[in-house]
Amino acid sequence: MSNELLDLSPVMPVVVLDQVADAVPVARALLAGGIRVIELTLRTPVALAAIERVAAEVPEIVVGAGTVTTPEQAKQAADAGAKFLVTPGCTDSVLEAVVGTGLPFLPGAGTVSEAMRLAEQGLTALKFFPAEPSGGVPFLKAIAGPLPGLRFCPTGGITPETAPAYLALPSVGCVGGSWLTPKDALAAKDFERVTALAREAAALR
Ligand SMILES: O=C(O)C(=O)C[C@H](O)[C@H](O)COP(=O)(O)O
């Protein structure tokens, strides 16, 4: 089930919202551009309310919670209506709480040992974070031999220019990125720009 998260769109939009009122327009703008998934990060106070609104008002998009770093957040996100969870890294307690929600999820790994630990537990769909600082495309190419069963959503420092090289790798299902929802576009309520960026991203693969 978690593996299917990697196949929803070539790009998983990582969205940081400061205003809950932007949640529904952003979700609709992404959908209009052909992106069927949205990861709302739990980095701002409005994030849980934003997830709730998108889940209730834009059921066509698959809404998930990103930046899940505590067991409490996993539960809160599930209660808010998140359909999946994403963690930047993994601790035993976060993993236990995330599994406890019953939701599909992408646990974060940034090293070979972290990826191996998750694989040992049967988790084969991972977020590779932070992708660029951790070695990017060459890292993923290098580990595909020893760890052939893993698939990734690399995230962190990826741009529309660098995304295609990631998406060309068989081990990459999609890439994560914040570039579809630039801060200045959200501040200006320029949702058409979000749609235009989403359209370009949806065409990447
Ligand atoms: O908060 C998290 O859990 C994250 O996933 C951090 C994200 O990877 C970055 O927000 C991606 O942002 P960019 O590097 O700007 O595309």
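It should be emphasised that the depicted structure is a prediction, and the values quoted were computed from it without experimental measurement.

**Points about the sheet that holds strand β6 (residues 108-109)**
Neighbouring strands of a sheet are bound in pairs by backbone hydrogen bonds; such pairs are parallel or else antiparallel. If you trace the 3 strands from one edge of the open sheet to the other, you get β6-β7-β8, paired in parallel fashion. Each end of this open sheet is capped by a strand with a single partner; those strands are β6 and β8 (151-154). Relative to β8, strand β7 (residues 125-128) runs parallel, the two being bridged by 4 bridges. Paired with L126 across the strands is F152, a residue of β8.

**What to know about the pattern of salt bridges**
Within this structure, the stated rule accounts for 5 salt bridges. Note that D18 and K183 form a salt bridge whose closest N and O atoms lie 3.1 Å from each other. Pair noted here: D18 is in the loop between β1 (11-15) and α1 (23-32) and K183 is in helix α8 (residues 183-187), with a separation of 165 residues, a long-range link. For the pair D18 and K183, a shared accessibility class is recorded, and that class is exposed. Residues R193 and D184 are paired through a salt bridge, measuring 3.5 Å at the closest nitrogen-oxygen approach.

**A short note on the site of the ligand**
Taken together, V14, R43, T67, P88, K127, F129, T155, G156, G157, G177 and S178 make up the full set of residues near the ligand. Within the side chain of R43, an N or O atom sits 2.5 Å from an oxygen atom of the ligand. Within the side chain of S178, a nitrogen or oxygen atom sits 2.5 Å from an oxygen atom of the ligand. Here the ligand has 400 Å² of accessible area as a free molecule, and 81% of this is covered by the chains. Broken down by class, the residue content of the shell around the ligand amounts to 3 nonpolar, 6 polar and 2 charged.

**Concerning the sheet that holds β1**
What the 6 strands build is an open sheet, ordered β5-β4-β3-β2-β1-β9; its pairing is parallel. Sheet topology places β5 (105-106) and β9 (175-177) at the edges, where each strand pairs with a single neighbour. Sheet analysis places strand β4 (residues 84-86) next to β5, joined by 2 bridges and oriented parallel. Residue pairing in the sheet places L85 in a bridge with F105 of β5.

**Considering unusual backbone geometry**
Residue F129 is joined to P130 through a cis peptide bond whose omega torsion reads -10°. Among the secondary structure elements, P130 is positioned in the loop between β7 and α6 (136-144). Of note in this structure, T67 is not a glycine but carries a positive phi near 60°. If you trace the backbone, T67 turns up in the loop between β3 (62-66) and α3 (71-80). A positive phi angle, close to 55°, is found at K189, a residue other than glycine. Here K189 shows up in the loop between α8 and α9 (191-202).

**Focus on α9**
Here α9 contains 12 residues, and its C-alpha end-to-end distance of 16 Å stays within 8% of the 16 Å for a straight helix at 1.5 Å per residue. Residues of α9 that are buried in the fold lie against β1, α1 and α8.

**Here we look at the environment of A21**
Mapped onto the secondary structure, A21 falls in the loop between β1 and α1. Residue A21 is classed as partly exposed on the basis of its relative accessible area, which comes to 46%. For the pair A21 and R53, spaced 32 residues apart in the sequence, the C-alpha separation amounts to 9.0 Å.

How each quantity is defined
- Residues numbered from 1 in each chain as written.
- Predicted model: local features only at pLDDT ≥ 70, side-chain atom pairs only at ≥ 80, totals over all residues.
- Heavy atoms only, no water.
- Pairing = 2+ DSSP bridges.
- Helix = DSSP H or I, 4+ residues; strand = E, 2+ residues; numbered from the N terminus.
- Salt bridge = Lys/Arg side-chain N within 4 Å of Asp/Glu carboxyl O.
- Buried < 20%, exposed > 50% of the residue type's maximum accessible area, 1.4 Å probe, protein only.
- Near = heavy atom within 4 Å.
- Polar contact = N/O pair within 3.5 Å; in protein donor to acceptor, adjacent residues only side chain to side chain.
- Areas by Shrake-Rupley, 256 points an atom, 1.4 Å probe, with all protein chains shown as cover.
- Nonpolar A, V, L, I, M, F, W, Y, C, P; charged D, E, K, R; others polar.
- Expected span 1.5 Å × (residues − 1).
- Contact = heavy atoms within 4.5 Å.

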